[in-house]
Amino acid sequence: MDEDEYVDNSQNGNDSNVLVFRLNQSGSRRRRAASVLTDKRHAALLGGLEVSHNKVARWRMRDRMKTVGVALVYCLNIGVDPPDVIKPEPCARLECWIDPLALPAVKALDAIGKALQAQYERWQPRARYKPALDPTVDDVKKLCLSLRRNAKDERVLLHYTGHGVPRPTSNGELWVFNKNFTQYIPLSIYELQTWVGSPSIYVLDCSAAGLIVNWFLQFADQRDNDSDRMPGGPASTAPMRDFILLAACGANELLPMNAELPADVFTSCLTTPIKMALRWFCSHSFLSKGRISPELIDKIPGRLTDRRTPLGELNWIFTAITDTIAWNLLPRELFQKLFRQDLLVASLFRNLLLAERIMRSFNCTPVSYPRLPPTYQHSMWDAWDLAVDICLAQLPDMMADPSIDYRHSSFFSEQLTAFEVWLEFGAENKKPPEQLPIVLQVLLSQVHRLRALVLLGKFLDLGPWAVNLALSVGIFPYVLKLLQSPAAELRQILVFIWTKILALDKSCQVDLVKDNGYSYFITMLSSSAPSDQPLRTSGGVGGASVPADQRQMAAFVLASIVNNCRPGQSACLTGNMLPVCMAHLNDPEPALRKWLVLLLAKLWESYEDAKWAAIRDGLMPDRLCQLLTDPDAQVRAAAVYAVGTFIGGGEGNEVRSNIELNLALALPLLTEDASPLVRTELLVTLSRFVRCYERPFSQVALEAKAADDEKQLLREQQERERRRAAVPGKSPIKGQPATPDGGRRSRAATPEPELSPPVSPLSAPNSIFRCLWDMIAARRSDPYAPIAQTANELVQAVYDKLQQLQHLQPPVLLAPQPRQATTTTSSSGGGGGLASLARKAGLKLRNSTSFGAPTLAASGTGSTPGSSPPDAQQPVGGNGGPGRRPRSAQLSLSVQAGNAVTGSVTGSLHMSSSSSSAGGMSGSGSLKKMSAMDFSKLPDGARGDDDESIGASANQGGANFEDVQLVSSLFDWCSDAFNKPLTVANPVSNNITITNDKVAGDDDDDDDDDDGRRCGQARWERQRNAAIKAEAKLLRRADSFADMYQPQPPAAAAAEPNNANAAALSFGGRLSVRPQRTSSGGSSGPHTPSSPASSSGSSSGSMLDSMPAMLTNMPAAAAAPPSAAFQQAAAGKVRVTKLDEQLAILDNSPERPASLLLHAFAPLVVVADDKDGISVWERQGGTKLNRFYNRSLDTGPYAARTTSMVLLNDDCPGDDNLLLAGSEDGVVRIWSHYDDPDKLSLVSAWRALPLAGTGGAAAGLVVDWQPKRAQLMAAGDADIIRVWDLVRELRVQDMPTGSDSAVTSLAHSKDGAGLLVAGCADGSVRVFDPRSPSRSSPVCTFAEHQKDWIVNVQCPKSSGDKIISGSLSGCIKFWDVRKCASFRTMIHSKMTMTAMAVHDYAPLLACGTQNQKIKVYDFAGELLSLIRYHDGFLGQRIGPVSCLSFHPYLALLAAGATDSIVSLYTRSRS
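Quick summary incoming for the structure in this document. (Residues numbered from 1 in each chain as written. Predicted model: local features only at pLDDT ≥ 70, side-chain atom pairs only at ≥ 80, totals over all residues. Heavy atoms only, no water.)

## Digging into the overall build of the protein chain
Here's step 1: A tally of regular secondary structure across the protein chain gives 39 helices and 46 strands.
Here's step 2: When the 1470 residues of the protein chain are sorted by exposure, 60% land in the buried category.
Here's step 3: In the protein chain, the share of contacts with a sequence separation of at least 24, taken over all contacts with a separation of at least 6, comes to 71%.
Here's step 4: Accessible surface, the protein chain as shown: approximately 57,600 Å² in total, 51% of it carbon and sulfur. (Helix = DSSP H or I, 4+ residues; strand = E, 2+ residues; numbered from the N terminus. Buried < 20%, exposed > 50% of the residue type's maximum accessible area, 1.4 Å probe, protein only. Contact = heavy atoms within 4.5 Å. Areas by Shrake-Rupley, 256 points an atom, 1.4 Å probe, with all protein chains shown as cover.)

## As for the sheet that holds strand S8 (residues 243-247)
Here's step 1: The 6 strands are arranged S3-S2-S4-S7-S8-S9 in an open sheet whose pairing can be described as mixed. Only two strands of the sheet have a single neighbouring strand rather than two, namely strand S3 (128-133) and strand S9 (367-369). Averaged over all pairs of adjacent strands, the angle between strand axes in this sheet comes to 10 degrees, irrespective of strand direction.
Here's step 2: Across 5 bridges, the pairing between strand S7 (residues 200-205) and S8 is parallel. Its bridge partner lying in S8, Val203 is registered against Leu246.
Here's step 3: Along the sheet face, helix H3 (residues 137-151) touches strand S2 (67-74), S3 and strand S4 (155-161) and points at about 170 degrees away from the line of S2. (Pairing = 2+ DSSP bridges. Axes fitted to C-alpha atoms, helices over the stretch in contact; angles between N-to-C directions.)

## Description of the packing of helix H27 (residues 633-646) against helix H29 (residues 676-692)
Here's step 1: Between H27 and H29, the least distance of the axes is 9 Å, while the angle of their chain directions is 5 degrees. By the angle class used here, H27 and H29 are roughly parallel. Here Ala633, Gln634, Arg636, Ala637, Val640, Tyr641, Val643, Gly644 and Thr645 of H27 lie close against H29, whose contacting residues are Leu677, Val678, Glu681, Leu682, Thr685 and Arg688.
Here's step 2: Its residues assigned to classes, the contact of H27 with H29 comprises 8 nonpolar, 4 polar and 3 charged. (Parallel < 35°, antiparallel > 145°, perpendicular 65-115°, else oblique. Nonpolar A, V, L, I, M, F, W, Y, C, P; charged D, E, K, R; others polar.)

## Looking at helix H26 (residues 619-626)
Here's step 1: Buried residues dominate H26, accounting for 6 of its 8 residues.
Here's step 2: Among all positions of H26, only Leu619, Met620, Pro621, Leu624, Cys625 and Gln626 are buried.

## Concerning the sheet that holds strand S33 (residues 1316-1320)
Strands belonging to one sheet form pairs held by backbone hydrogen bonds; the direction of such a pair is parallel or antiparallel.
Here's step 1: The 4 strands are arranged S32-S33-S34-S35 in an open sheet whose pairing can be described as antiparallel. The open sheet is flanked by strand S32 (1303-1308) and strand S35 (1340-1342), the only strands paired with a single partner. Averaged over all neighbouring strand pairs, the angle between strand axes comes to 20 degrees, with direction disregarded.
Here's step 2: As paired elements, strand S34 (residues 1325-1328) and S35 share 3 bridges and run antiparallel to each other. From the neighbouring strand, Val1327 faces S35, where its bridge partner is Cys1340.

## Concerning unusual backbone geometry
Here's step 1: Backbone torsion omega between Ser198 and Pro199 reads 5 degrees, so that peptide bond is classified as cis.
Here's step 2: Locating Pro199 in the fold gives a position in the loop between helix H4 (189-196) and S7.
Here's step 3: Omega for the bond connecting Ser1149 with Pro1150 falls within 30 degrees of zero, at 5 degrees, which places this linkage in the cis form.
Here's step 4: Residue position: Pro1150 is located in the loop between strand S19 (1139-1147) and strand S20 (1153-1158).
Here's step 5: Residue Phe181 is not a glycine yet carries a positive backbone phi of 60 degrees.
Here's step 6: Secondary-structure assignment places Phe181 in the loop between strand S5 (173-177) and strand S6 (184-188).

As structure tokens, then:
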């Protein structure tokens, strides 16, 4: 590829070649999330990671062919005209632009032969040329046989010119001469075929040449038929169909004899196309006649190979135009064969298009085989005429004045503009762009190269079909050659183009290895740049830094190179790619980190040299283990995948086994991951361990199965005994305790049956192999159906193998029973490798030089696996008392796989070298710490040692698990993302903006990033949402509830004995509060009610920056009387809204509603019954849209009941709306399209809290959703509140509740402080600050409900930091967080209050009771509405109320009753 290109003055100063690559902000750095769990991967996971299998076009020629022999047969007989042709005077006489009459006959014939050979040598200079001038039959035979013998299987060309002999005969014969030139001797086409053989090409320049073509095809068919009848069959003879025919005219046509043209017009078009085209143009153009003579045409300056000269530019344009015509008219396969297989054949067929155009103007039609469609009227010939006209118009002036510079043609610039226009409107179902071959030719020019590459990148981004088109047109060798260019401005678009190519066609990896192209991407990956700054390059100016999105694509290209390609792995490892990857593993961009990990995984997959290099460089195991806790779910999944590919291959080597088993110790933390993607890869990696350590897992699986069977029998026996015992009373109301213990969790009172079967050290409860096996078994009950199904298949496959090995009866698979898991607070930060993960688990990591039976043992002096650490014996952040459970019964961390890893390990984890009598594995040695091992001194070829180790004997004597290992599709699925569009249009011409999948973004109304087809719908939805929010603001009175304050009586304050933080929250007798909002909505200073008139909050207070929670206790002496706003509301001076008009009645029979949700913007009502059913209603028409079951698999008659629901992304476009449903077993499931039975799909599911799910009337799982933080709070029958980040799909915090009782209700403050309020079954209301350390939670506790079950707690948006709580006895209290005391109490009814709801904006509070009444109050305690009957004449009585819910914005109340009726109430029209 030439680099010395001319400079186009018309392009100077143009900013159209500017590239802007800008990476969107990812969710990891934008915490204000507009939508969560809306990536495409969430929609794809339910059916597995689906990879689109795009068909790759056959663009690569399997058998590239060269024309190695050329026979030039000239039958002219100069001076003697053939008898069947009458030539006029004047007549065409030039042969190869030589006048044969100007020289003696012998010299003229020799000169013509040499001229034709020189013309052919332009296309194929290395071929063997043999002329035969006026030959005999024997000369032709000898020539053809010699060329075929030397050519072997390559192509031979025969050029026949018969201008001095008669036309071919009707029997299929050509004419040659005898030795004395006295007779014309016929030469049979059949014999000529035999001599030349195949593959071959024939150029026939004579009159009636089409007749030869007809006979040639007929004889070829005859030969093929004869070969079929031969004994050996078709394989015994060479095929005769591999030939190409080019004939000058049809069977009944004569060659043109116009004196202005040469006699060999056809040959001249094929061998000297530019000269022939210019002469023909001058004779047919009115503009050139008289100004341009044939002699002047011969003086056009330049060379055909120099594109900077006029002649070279014309040849360049001609090549582009003829390629374009062929590309648009020929079938793709035929185009590949004729224009991309052989350089000589491609040149001849390009020129054949010109010959057709010229000779058709003289009533001759060239004939070819394969036959081509007519091309002489294609519109691109007009572009050629224009380019020729512009060039020739300058020729007279240039000849007169040599100092005049040649003005280059604008042809390529205009064609690129046309291609750009097509890109704006083109699509797969439209006609392909005809300028695509021109773009290929433009890549040869430095002037237009950058712009052409940008447009090519935009075209490739349209989809795999566009990549196939580009590859079939021949773009591959050009972009491969460009990798050798040092131009900095090209590297960004080149890596993008290669990304699109390798995403579709993986076979290109071999070419990159052969041509050293991989080093280009390693160099690019080693560069770095701030990811939030676009890299802008213009012209030849480029920086040395590369943004993160470009390095991400470079990592993908390298990963594709090393994927299942040993030469690629070896080349990249030698090219120091490993240190480059390690240097960028902490990059802030998660997409780059993901692809770096996938690159490493593919680098060492089945490649031991790379694995040992990673160990020596310190990448394994610590650096990789850090990524197992990465904030991004896809990075975590990639890290697990990398662990899986690292496992295996080092059998018999103690160091390798040591590292692999220590990697296994980091995997239990991933069992609680919220992302199904991570848990799927975890299961695949665990199957890899089973495959590589067959013997230990064989024994573990057998004994685990026996233990499970025995436990199952004991459970069944206990269940029968329990049924015979007295059944405790059960309340029909959701949330009411079923036992008289006030809702205290009593699962610990029925411990798991303790079994002590004889086990070997390998399968002991604290064995690492038993731990891994239990993790696999736990996945059988995974909330996500595909994971559970795959785990079941994996366990069954292992049992089948064991059965085949030991001839056992088929074991019966029993679903593992849910067990109480023990987990602790963990951080989602980066961590410090394997040691950091162990510290998070409270574990110590040890390593022995000789592995016997790896075990998990407790840390600390004198501690046992079942004991608790010393600091766990003290109550944390809560109330102590006689009923307090010991810490060992609480949720503390153990190495458990999703609540199923056996053993009560709360101590350290280490490898012990114990003797194994059953396993036959023994060894001794001193203990070493993993961090102390010097991997840098390991030899490059380190392999198996002679020492006894677990790796040496792991596969001896066990079952063969070769087909047990699962196969991950993560890499292919991630690679398939690059087949999707990656760019978006930029306002600047020819700009490309590279975007990543949006994880989270701003929720601004003007941020419209929807697709074009959804733009209008999304805009309408935003306008509707804004109107509903505006209506809600009208419900919010000027004298907001945030300013109402009534001090708590001293007696009530003194009655609270359990406020453990009261002393800590007081500071110097002064009050510290957060800034409150004034009545006008602005932010005021610190607010203290120091005087009766202080309703504006103007007095000052001190901020306690040292306090983790910005809350203080209100001293009794600082109590102030009620504010004026509260007095006005209490006196009835402020008009409030009444809800007494029934809007709709929804019959949810036969199930009873247990909880309700009203969609904030769509007219939808979501009803969860007292089992696991969920119904979706359209509230305006009362139509049931959908009903489904909140379960992942068919669990039979019993399924965990749904105890909580939350709507996610309710203010986003409809496709992003999600329904989160929590079950009493602690499982959270998220559904999309929940209102459409045809589109309903499970987006994600995980165990948010380890609960038993007994099916009783306990609180179950209680959740609260904080959309601004994208955090989900989960609580229930557990002693912690677990915080989940749904952007990262990660558990970020565990907050101890400080109570033995279940959490029955959760709410959060809407003022931005993020305070969390929990109502408990013991009557306490506890306030938490997630910003504070976990051990200091709760920061405030209210205990005035006196052991009364809390039905609901709410923090209305209009209340600021005020809390409203209601208990089962009907007591409703208003709390002031600043004082940790209530300032108002309302007694709703003497009957049991079963449901309570508070409006977020309007001062409305609704209560429901068992005596079939609903009362609506304002915050001053005034009864606004009493609902007892349904609307209508003789309306029936409402049923006992089971649930209530207000609309988030509108004055709309939904009520559910035990008679399966859901009724909706709104404001009275009067």
